[in-house]
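Results of the structural survey
Here is what each chain is made of, one letter per residue.
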Amino acid sequence: MSMLPTAAHQPTIAVLPGDGIGVEVTEVGVRVVRAVAARSDWSFHARSGLVGGAAIDAAGLALPQETLDLAAGSDAVFFGAVGGPKWDNPSAPVRPEQGILGLRKALDLYANLRPVKLSPALLSQSVLKEEVVRGTDMVVVRELTGGLYFGKPSRRWRGPTGWRAVDTLAYSEHEIERVLRVSFELARGRRKKVTSVDKANVLTTGRFWREIATRVGAEYPDVQLEHVLVDSAAMYLIRRPATFDVMVTENMFGDILTDEASVLAGSMGMLPSASLGSGTNACGGVQGLYEPIHGTAMYTPEVVGTGRANPIAAILSAALMLRYSLGRPDDAAAIEAAVDRVLAAGYGTPDIAGPGTEVVTTDRMGDLIIEAL
Ligand code: IPM
Ligand code: MG
């Protein structure tokens, strides 16, 4: 964003593959980073740690202290995905998702950038009409450490009339303001439009959000600000996706809207993310965590180990890591261009295959992207 890192220091990357297909796509992502680094003559240390179900099995916790220390002490975290049927018991006190939620919170990674861009090669296969999706190129900024995911109270109890449960949507002015600033700064380097999404017609926090967005927006007169209610935003995303540039919203709204938005990019297997905090690292970049948005839920357990997972979301997440945390914007752009070339040449994993696509495995897709670098 405003401050881009410099590249003098040899970075340490914490590699946290997690579970299921997380392991497969992360391996390919690291391979691509190695290839691009070798080509540009630099190197990095990769140190792996356990998280999610794998950590529950080994240490009884989804986010062991050792993993947290590794993540906190690294220049960037490259994360796979957590969860799976083995740990699905909803009433278990330890759950794999605590791994990723705990990392986001502990590292204060409050701004989650989810770029949604349709590769021209996938245009004709979209489930939406070509004229609707053409030109889609937006970034959803999801607030990541507050809102409905972290508000207290969050609990279940037995009352006089039976069991009850509560979650809380709470925000401080500071939390809303900082994620809006990230969004306006980002928009300045793009098409200069911010769409702030809230539920101001119903929720107190929504009106609060809108008021702060308006105030912060006044400091960015060069950026156009529009307010859209979250339900309308869900509709406009598939009616006029190309009109959006930067869209910023509450944690859970952003979770839901980005799964929807992934359809615009052809598949959830295409969508990377960068979770950024306010701390800088030894590369002079932002400390961040980089992960595909798909998690383990996109793929049924039968897919694990079959080579059918799409590694592109992980590879594009690695590109974001090079850009925001490691001071390697040229290498980031090289990876993104290589992905587009491989797609344009007609290769795809099953989730993005159309008529005429040459279907390849997870590993082969990685090899093709490395060759295209
Ligand atoms: C995401 C995922 C996570 C979330 C899960 C795995 C906890 O859906 O990153 O979008 O809900 O944030
Ligand atoms: Mg999600």
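Residues numbered from 1 in each chain as written. Chains lettered and ligands numbered in written order. Predicted model: local features only at pLDDT ≥ 70, side-chain atom pairs only at ≥ 80, totals over all residues. Heavy atoms only, no water.

Once that is clear, we can look at the domain arrangement of the chain. As far as domains go, the chain holds domain 1 (1-113 + 266-373) and domain 2 (127-251). With centres defined by C-alpha atoms, the gap from domain 1 to domain 2 works out at 24 Å. Of the residues lining the interface, 13 residues belong to domain 1; the matching set on domain 2 comes to 14 residues. Sorting the residues of domain 1 by area buried against domain 2 places Lys105, Tyr110 and Asn112 first, and these three jointly supply 44% of that buried surface. At the boundary of domain 1 with domain 2, the tally comes to one salt bridge. Across the salt bridge formed by Asp108 and Arg178, the nearest N and O atoms sit 3.1 Å from each other. Between the two partners, domain 1 and domain 2, sit four residue pairs in polar contact (both at pLDDT 80 or more). Within the residue set of the side of domain 1 that touches domain 2, elements represented by two or more residues are helix H4 (97-106) and strand E4 (111-117). Classifying every residue of the side of domain 1 that touches domain 2 gives seven nonpolar, three polar and three charged. (Domains from an automatic or database assignment. Contact = heavy atoms within 4.5 Å. Buried area = accessible area lost by both parts, 1.4 Å probe. Salt bridge = Lys/Arg side-chain N within 4 Å of Asp/Glu carboxyl O. Polar contact = N/O pair within 3.5 Å; in protein donor to acceptor, adjacent residues only side chain to side chain. Helix = DSSP H or I, 4+ residues; strand = E, 2+ residues; numbered from the N terminus. Nonpolar A, V, L, I, M, F, W, Y, C, P; charged D, E, K, R; others polar.)

Here we take up the site of ligand 1. Lining the immediate surroundings of ligand 1 are Glu97, Arg104, Arg114, Arg142, Tyr149 and Asp255. The side chain of Arg114 places a nitrogen or oxygen atom 2.9 Å from an oxygen atom of ligand 1. Taking 320 Å² as the accessible area of ligand 1 by itself, protein coverage stands at 79%. A per-class count over the shell around ligand 1 returns one nonpolar, no polar and five charged. (Near = heavy atom within 4 Å. Areas by Shrake-Rupley, 256 points an atom, 1.4 Å probe, with all protein chains shown as cover.)

A few words now on helix H6 (residues 173-188). Between its first and last C-alpha, H6 extends 23 Å over 16 residues, near the 22 Å set by a 1.5 Å rise per residue. Those residues of H6 lying buried are Glu175, Ile176, Glu177, Arg178, Val179, Leu180, Val182, Ser183, Phe184, Leu186 and Ala187. (Expected span 1.5 Å × (residues − 1). Buried < 20%, exposed > 50% of the residue type's maximum accessible area, 1.4 Å probe, protein only.)

The next point concerns the packing of aromatic side chains. For the coordinates displayed, the defined rule picks out three aromatic pairs. With a centroid separation of 6.0 Å and 50° between ring planes, the pair formed by Trp42 and Phe44 is classed as tilted. The two residues Trp42 and Phe44 agree in class, both being buried. Taken together, a centroid distance of 5.7 Å and an interplanar angle of 65° make the contact between Tyr171 and Trp209 edge-to-face. Taken together, the residues Tyr171 in the loop between strand E7 (162-168) and H6 and Trp209 in helix H7 (residues 204-217) connect sequence positions 38 residues apart. As far as the burial class goes, Tyr171 and Trp209 line up, both buried. The ring of Trp157 is capped by Arg155, whose NZ or CZ atom sits 4.4 Å from the centre of that ring. Taking the ring centre of Tyr236 as reference, the NZ or CZ of Arg240 above it sits at 4.2 Å. (Phe/Tyr/Trp six-rings, centres within 6.5 Å; stacked < 30°, edge-to-face > 60°. Lys NZ or Arg CZ within 6 Å of the ring centre and 35° of its normal.)

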